[in-house]
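Take a look at the letters that make up each chain.
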Amino acid sequence: MILDLEMPKVSGFDILEVIQQKPTLAQTRTVVITSQSDPAIEEKALSLGAIDCISKPLNLRLCRIRIENHIKIRTQEKVLQQTQEELFAEKEQLRITIDSIADAVISTDKNANIVYMNPVAQRLIGWSQTAAKGRHIEEVMKLCDATTKKPSINPLSVALKENRPVAMALNTQLISKQGIEHRVEDSAAPILDKNHNQCGAVMVFQDVSEALAMSMQMTYLSHHDQLTSLPNRVLLHDRLTQGIARAAFNGTKLSLMLLDLDKFKFINDALGHHVGDEIIAHIGHSLDRFACNDITVARVGGDEFALVVSHSANYLSLEPLVNQVLNVIGKPFRSGGEQHVLSASLGISVYPDDASSVEEMLRHAYSAMYKAKNESANSYFYFSDDLQVEMNRRLEVGNKLRKALDENNLEVHYQPKYDLNTDTLVGVESLVRLKDGQGGFISPVHFIEYAEETGLIFRLGEQVLEKSCIAAKTWLDKGLPIKVAVNISAKQFSDTKLVNTVAEILERTQLPSRYLELEVTESALIENFDYTVSQLKLISGMGVSISLDNFGTGYSSLSYLRLFPIDVLKIDQSFVRDMLNDEQALNIVTTIIELAHSLKFQIVAEGIETLQQKESIARAWLSNKPRLFI
């Protein structure tokens, strides 16, 4: 506004006073014009808010320049005001952000005296910003080594001294003003002005106490078994690696003992997994007493445990420990309201005698353990060259079996079954054979055992059953109604698909069910009693015969014969073979024949290979007895 102070009806001073009193006109800039040369006039105008005073008569050119300059100043004021407002908003946003983050933030001047601390820093250090402001960082923030408790230099001081970012030392502990300890980590860095001169420093750090505790807990859980708290397979591998390195350096030996509880699966299935867990926990606690600097006790998995033992070159030094371990396991204890007496099979591998790496020690100890399981309870074996040969043979057999299954290349031979009365062929028994690749066959003793251990028994059993049904259907179509008997292993009864598999194969091959007989062993019957009964009843309901194989060599419980839908008893060949020279064996054969007669079972005598054996079994069989097949 350009205002003349000498106007005819109103004074310019009155106008200036009105402008000052109205808030809406507060931003108005007024330049006054006067013909008066009295300095008091000019002073009064300026005191009432005028920004300039121009004397009359007017020099228009000079007047225009002065007005333009005032306009420029006003524009710059607006820009400056806007910049200040934006700067304040940005500063406030930064303050809120820093106050809200989870990390602690401290800033200082170039002398390391505190200028600002966010709330997290105030909480961890135990000082308010008001109390800490202006104090040196070392006075307020007490750092030390978490292990030795020796004072640590503050990284912010180092950052200022060396003019570079500095990370906080590992294992650093912060002790607050109240004595509370926090594990902290992070870094500090100098703050530079536009000329790259230090004007302060900032430290950002965080409390990692909970994270560190969680990390330690996770590390522990990942290396220890939850049920027994013993080292698990991961930590066992690490201890073996360290043990081998020490043994190599010291010229000593390192032994790995792997032990497996005998018959544990039967106990677990019969009494329930909660009782099984109690037993495993008990064994783990019992074995843990052997743990010391030279011995690591671990749970490998399931019912398998391991001991890593450092010892001298003398093997005999291990014998007392082995006996103590087996004695501890065999000590009676109560669980689930019952008393249990356990036994174990133990295999031992020794570095550097039979293994040069962790993997070899584990493989060899397992091989020795499996050999022990085939012996009596509480047996133990060292790995040897013979075991290595056996392991290689098993690997070769396994490869050949997998290939034969993949190519459906198993051979099934058929052993004839004759009626003792008429000498006529009445049936066959399927015998699976695996080619050895050299024109011969691998003994079923070897590959059946491998198939059961690896789970291949399910595929093998299904292929043999299908091939046998195809053969029986072929013979039937040719006018030879011959029943085919197929062995079903105990493992196959654990397969929930067994009943469906039998039904599907009969449907697929179009073989009437009366021409199929399934042979089961007594051990298969007791693995899971109730489940096996239901399985066999469903199979028997299809019209398939059930034969009890190797009768007399297992449990021979008469209750099984009563509860299971059994049609045929097979006298084990060991009795047939010995009955010529052993009166007791002959009496057993006669008793089984009489038992089968009373229960209305058919009988098959296995393994008759000579005329004398045939005549002897015929004498044991009387005319009023059931049909006897050989």
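Calculation rules
Per chain, residue numbering runs from 1 following the sequence as it is written. Totals for whole chains, interfaces and linings use every residue, but because this is a predicted model, local features are given only for residues with pLDDT of at least 70 and side-chain atom pairs only at 80 or more, for both listing and counting. The basis for every side-chain value is the complete set of non-hydrogen atoms in the structure, without hydrogens or water. The numbering of helices and of strands both runs from the N terminus, where a helix is a DSSP run of H or I of at least 4 residues and a strand a run of E of at least 2. For a compact globule the rule gives 2.2 Å times the number of residues to the power 0.38, and the radius of gyration it is set against comes from C-alpha atoms. Here the open area of atoms and residues is found with the Shrake-Rupley method and a 1.4 Å probe, where only the protein chains shown may cover a residue. All tallies of charge rest on Lys and Arg as positive and Asp and Glu as negative; His and the ends of each chain are not included. Note on charges: their place is set at NZ of Lys, CZ of Arg, CG of Asp or CD of Glu. The way it works is a 1 Å grid over only the protein atoms, where trapped points that fit a 1.4 Å probe form a cavity and open points with protein on both sides within 12 Å along at least five of seven lines form a pocket, and then any residue with an atom within 4 Å of a point lines it. Grid points are joined across faces, edges and corners, and a volume is the space filled by probe spheres set on the points. Throughout, the ten residues Ala, Val, Leu, Ile, Met, Phe, Trp, Tyr, Cys and Pro are labelled nonpolar, Asp, Glu, Lys and Arg are labelled charged, and all others, Gly among them, are labelled polar. Patch rule: a residue counts if its relative accessible area is over 30% and it has no salt bridge; like charges are joined within 9 Å, and nonpolar side chains (Val, Leu, Ile, Met, Phe, Trp, Tyr) within 5 Å. We count a salt bridge whenever a side-chain nitrogen from Lys or Arg sits within 4 Å of a carboxyl oxygen from Asp or Glu. Working definition: with a 1.4 Å probe on protein chains only, accessible area under 20% of the residue-type maximum means buried, over 50% means exposed, and in between means partly exposed. When checking whether two residues touch, look at their non-hydrogen atoms; a contact exists if any pair is within 4.5 Å. Here the expected span of a helix is defined as 1.5 Å times the quantity of residues minus one. Arc definition: it is the arc formed by the directions from the helix axis to the C-beta atoms. Two strands form a pair only when DSSP identifies at least two bridges running between them. To get an axis, fit a line to the C-alpha atoms, keeping to the stretch in contact for a helix; angles then go from 0 to 180 degrees between the N-to-C directions. Any two rings among Phe, Tyr and Trp, with Trp reduced to its six-membered ring, count as a pair given centres within 6.5 Å; such a pair is stacked if its planes are under 30 degrees apart, edge-to-face if over 60, and tilted if neither. Cation placement over rings: the criterion is NZ of Lys or CZ of Arg within 6 Å of the ring centroid and within 35° of the ring normal. Scored between 0 and 100, pLDDT is the confidence that the predictor attaches to each residue. Here a crossing is called left-handed whenever its near helix is offset anticlockwise from the far helix by less than a right angle, and right-handed whenever the offset is clockwise.

1. Details of the overall build of the protein
- Scanning the protein from N- to C-terminus turns up 23 helices and 26 strands.
- For a compact globule of 630 residues, the expected C-alpha radius of gyration is about 25 Å, and the protein comes in at 48 Å, more than 25% above that figure.
- Judged by the C-alpha coordinates and their principal axes, the protein covers about 160 × 65 × 55 Å.
- A total of about 34,200 Å² of accessible surface is found on the protein, and carbon and sulfur atoms cover 53% of it.
- Here the protein carries 64 positive and 80 negative side-chain charges, and the mean point of each set is 5 Å from the other.

2. A closer look at empty space enclosed by the protein
- In this structure the tally under the stated criterion is one cavity of 30 Å³ or more.
- Lining of the largest cavity is provided by R233, L236, H237, V300 and L362.
- Among the elements that take part in the lining of the largest cavity, helix 9 (residues 233-250) stands out by supplying three residues, more than any other.
- Broken down by class, the residue content of the lining of the largest cavity amounts to three nonpolar, one polar and one charged.

3. Brief notes about a nonpolar patch on the surface
- On the surface, M214, M218, Y220 and L221 cluster together into a nonpolar patch covering about 390 Å² of accessible area.
- Counting through the fold element by element, M214 comes out in helix 8 (residues 209-223).

4. What about the layout of surface pockets?
- As a volume, the second largest pocket reaches approximately 240 Å³.
- For the second largest pocket, the full set of lining residues is K91, E92, L94, R95, I98, V105, S107, Y116 and V202.
- When residues of the lining of the second largest pocket are assigned to their parent elements, the largest contribution, five residues, is made by helix 3 (residues 60-100).
- Partitioned by chemical class, the residues of the lining of the second largest pocket number five nonpolar, one polar and three charged.

5. Topic: helix 12 (residues 319-329)
- Among the residues making up helix 12, those that are buried are E319, L321, V322, V325, L326, V328 and I329.
- Buried residues along helix 12 sit against strand 11 (253-261), helix 11 (273-288), strand 12 (295-301), strand 13 (304-311), strand 16 (344-351) and strand 17 (380-382).

6. What about helix 17 (residues 498-509)?
- Over its twelve residues, helix 17 extends 16 Å from the first C-alpha to the last, a length consistent with the 16 Å expected when each residue adds 1.5 Å.
- Buried within helix 17 we find L498, V499, T501, V502, I505, L506 and T509. Buried residues in helix 17, looked at end-on, bunch into an arc of 165°, giving them a common side.
- Close packing links the buried residues of helix 17 with helix 16 (457-477), strand 22 (516-521) and helix 19 (529-541).
- Looking one or two places after helix 17, you find Q510, whose phi comes out positive at around 60°.

7. Section: the sheet that holds strand 13
- Spatial ordering of the open sheet is given by 12-13-11-16-17, a layout of five strands whose pairing is mixed. Edge positions in the open sheet fall to strand 12 and strand 17, since each of these has one partner strand only. The sheet shows a mean angle of 20° between the axes of neighbouring strands, taken without regard to direction.
- Both strand 11 and strand 13 contribute to a ladder of eight bridges, which runs antiparallel. Residue pairing in the sheet places L254 in a bridge with S310 of strand 13.
- Here helix 11 sits on the sheet in contact with strand 11, strand 12 and strand 13, set at roughly 5° to strand 13.

8. Considerations on the sheet that holds strand 3 (residues 52-55)
- With parallel pairing, three strands are arranged side by side in an open sheet as 1-2-3. Strands with a single pairing partner mark the edges of an open sheet, and in this sheet they are strand 1 (2-4) and strand 3. When the angles between neighbouring strand axes are averaged without regard to direction, this sheet yields 30°.
- For strand 2 (residues 31-34) and strand 3, the ladder comprises four bridges, and the chain directions are parallel. Across the sheet, the residue bridging to T34 is S55, located in strand 3.

9. Considering the environment of I98
- Note on placement: I98 falls in helix 3.
- Sequence separation between I98 and M117 is 19 residues; the distance between their C-alpha atoms is 9.3 Å.
- Residues within four places of I98 in sequence aside, it is in contact with V105, Y116 and N118.

10. Concerning the pairing of strand 4 (residues 104-108)
- Of all five residues making up strand 4, five are buried, and the element is well covered by its neighbours.
- Both faces of strand 4 are covered, namely the face carrying A104, I106 and T108 and the face carrying V105 and S107.
- Here strand 4 runs beside strand 10 (residues 198-207); their pairing, made up of five bridges, is antiparallel. Each bridged residue has a counterpart across the sheet, and for V105 the counterpart in strand 10 is V204.
- Pairing between strand 4 and strand 5 (residues 114-117): three bridges, direction antiparallel.

11. Considering the pairing of strand 13
- The buried count for strand 13 comes to seven of eight residues, which makes it a mostly enclosed element.
- Examined bridge by bridge, strand 12 and strand 13 share six bridges and lie antiparallel to one another. Each bridged residue has a counterpart across the sheet, and for A298 the counterpart in strand 13 is A306.

12. Looking at the packing of aromatic side chains
- Taken as a whole, this structure holds two aromatic pairs when the rule is applied.
- Arranged with centres 5.1 Å apart and planes meeting at 80°, the rings of Y414 and W475 form a pair that is edge-to-face. Taken together, the positions of Y414 in strand 18 (residues 411-418) and W475 in helix 16 put the pair 61 residues apart, joining distant regions of the chain.
- For Y414, a relative accessible area of 25% puts it in the partly exposed group.
- Lying over the aromatic face of F13, K44 brings its terminal NZ or CZ to 4.5 Å of the ring centre.
- The ring centre of W127 lies 4.1 Å from the NZ or CZ of K177, which sits over that ring.

13. Topic: the confidence of the model for the protein
- Per-residue confidence for the protein gives a mean pLDDT of 85; residues scoring 70 or more make up 95%.
- Per-element averaging of pLDDT across the protein places strand 26 (residues 628-629) at the bottom with 62 and helix 16 at the top with 94.

14. Some remarks on the environment of D477
- Mapping D477 onto the fold places it in helix 16.
- Expressed as a C-alpha distance, the spacing of D477 and L511, which sit 34 residues apart in the sequence, is 9.8 Å.

15. Topic: the packing of helix 16 against helix 17
- Two elements in contact, helix 16 and helix 17, have axes separated by 10 Å at closest approach and are oriented at 35°. Between helix 16 and helix 17 lies a crossing whose hand is right-handed. Together, E462, L465, E466, C469, I470 and K473 of helix 16 and T501, V502, I505, L506, R508 and T509 of helix 17 make up the contact between the two elements.
- Residue composition of the contact of helix 16 with helix 17, by class: six nonpolar, two polar and four charged.

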